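Fold and contact review
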Amino acid sequence: MPIEFHGTTVIAIRRGNKAAIAGDGQVTLGPTVMKHTAVKVRKMRDGSVLAGFAGSTADAMTLFDKFDAKLDEHRGNITRAAVELAKDWRTDKILRRLEALLIVADKEHMFVISGSGDVIEPEEGIAAIGSGGPYALSAAKMLLRHTDLTARQVAEEALKAASEICIYTNDKITVEELV
């Protein structure tokens, strides 16, 4: 039986003209926690774009590099960069074997990008991926509806909630934000 990697929850929040992306730090190999402080989110394009990943780390790093190149190619247009990355990811013989999901966001747009060609822009300014994604998404929806917390605070609190439910998510949270 193959060993499965688990251990990622990443959430992105846009509220007003601010955006934040947060990721937990846990990496799990089978039944063992291998690392508690992995960093799964980063700023790109001189700090104007946020990105986070769920999936294989090596694959995600490759996709971060490809997305960054697409941002340069399309002069920072996150929509064009996301669509072009998804096209390449789906059609390229090597890229289509990569197993990861990306969330990318700037102050105006947010997308979930997959290797099957999906480029999904969530309607409520919230996107979550990974093992604890559904838990974080649910918490974030309620926090956005019923509080005045900032995008950063919502992302942090949603991940904390997910870490209390999902065994593949911890509370060692990294947050990046655009203000």
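For the structure itself, consult the block above.
Residues numbered from 1 in each chain as written. Predicted model: local features only at pLDDT ≥ 70, side-chain atom pairs only at ≥ 80, totals over all residues. Heavy atoms only, no water.

Quick look at the packing of aromatic side chains
Quick note on the threshold: Each aromatic pair joins two rings of Phe, Tyr and Trp (for Trp, the six-membered one) with centres within 6.5 Å, and gets the label stacked for planes under 30 degrees apart, edge-to-face for over 60, and tilted for any other angle. In this text, helices come from DSSP runs of H or I with a minimum length of four residues, and strands from runs of E with a minimum of two, each type numbered from the N-terminal end.
One pass over the structure, following the stated rule, counts one aromatic pair. Where F53 meets F64, the ring centres are 5.7 Å apart and the plane angle is 80°; that geometry is what we call edge-to-face. Of the two residues, F53 sits in strand β7 (residues 49-55) while F64 sits in helix α1 (residues 57-73), which places them 11 residues apart along the sequence.

Re helix α2 (residues 78-91)
For an α-helix, the turn length of 3.6 residues means that residues three or four places apart are oriented alike. Note the following rule: In this scheme, a helix's expected span is set at 1.5 Å multiplied by one less than its residue total. When accessible area is computed with a 1.4 Å probe and restricted to protein chains, residues below 20% of their type maximum are described as buried, those above 50% as exposed, and intermediate ones as partly exposed. Should any heavy atoms of two residues lie within 4.5 Å, those residues are counted as being in contact. Within 3.5 Å is the distance limit for a polar contact, defined as a pair of N or O atoms, with the added protein rule that one can donate a hydrogen and the other accept it, and that residues adjacent in sequence qualify only through two side-chain atoms.
Compared with an ideal rise of 1.5 Å per residue, which puts 14 residues at 20 Å, α2 spans 20 Å between its outermost C-alpha atoms and is within 8% of the ideal. Buried within α2 are the following residues: I78, A81, A82, E84, L85, A86 and W89. Contacts made by the buried residues of α2 are with β7, α1, β8 (100-105), β9 (110-114) and β10 (119-120). The N-cap of α2, judged by a side-chain oxygen 3.1 Å from the amide nitrogen of T79 a few residues on, is N77.

What about the environment of E108?
With respect to the helices and strands, E108 occurs in the loop between β8 and β9. Sequence separation between E108 and K18 is 90 residues; the distance between their C-alpha atoms is 8.6 Å. Those residues in contact with E108, other than ones at most four positions away along the chain, are R14 and E121.

A short note on the pattern of salt bridges
Rules: Whenever Lys or Arg places a side-chain nitrogen within 4 Å of a carboxyl oxygen from Asp or Glu, that contact is recorded as a salt bridge.
All told, the structure shown has 11 salt bridges when counted by the stated rule. For the salt bridge of D72 with R45, the shortest nitrogen-to-oxygen distance reads 2.9 Å. A residue pair is termed long-range when its members are at least 10 positions apart, and D72 in helix α1 and R45 in the loop between β6 (41-44) and β7 qualify at 27 residues. A salt bridge links E156 to R152; the shortest N-O distance between them is 3.4 Å. Taken together, the residues span about one helical turn, with E156 and R152 both in helix α4 (residues 151-163) at a distance of four residues. One salt-bridge network, held together by shared partners, links K70, E73 and D88.

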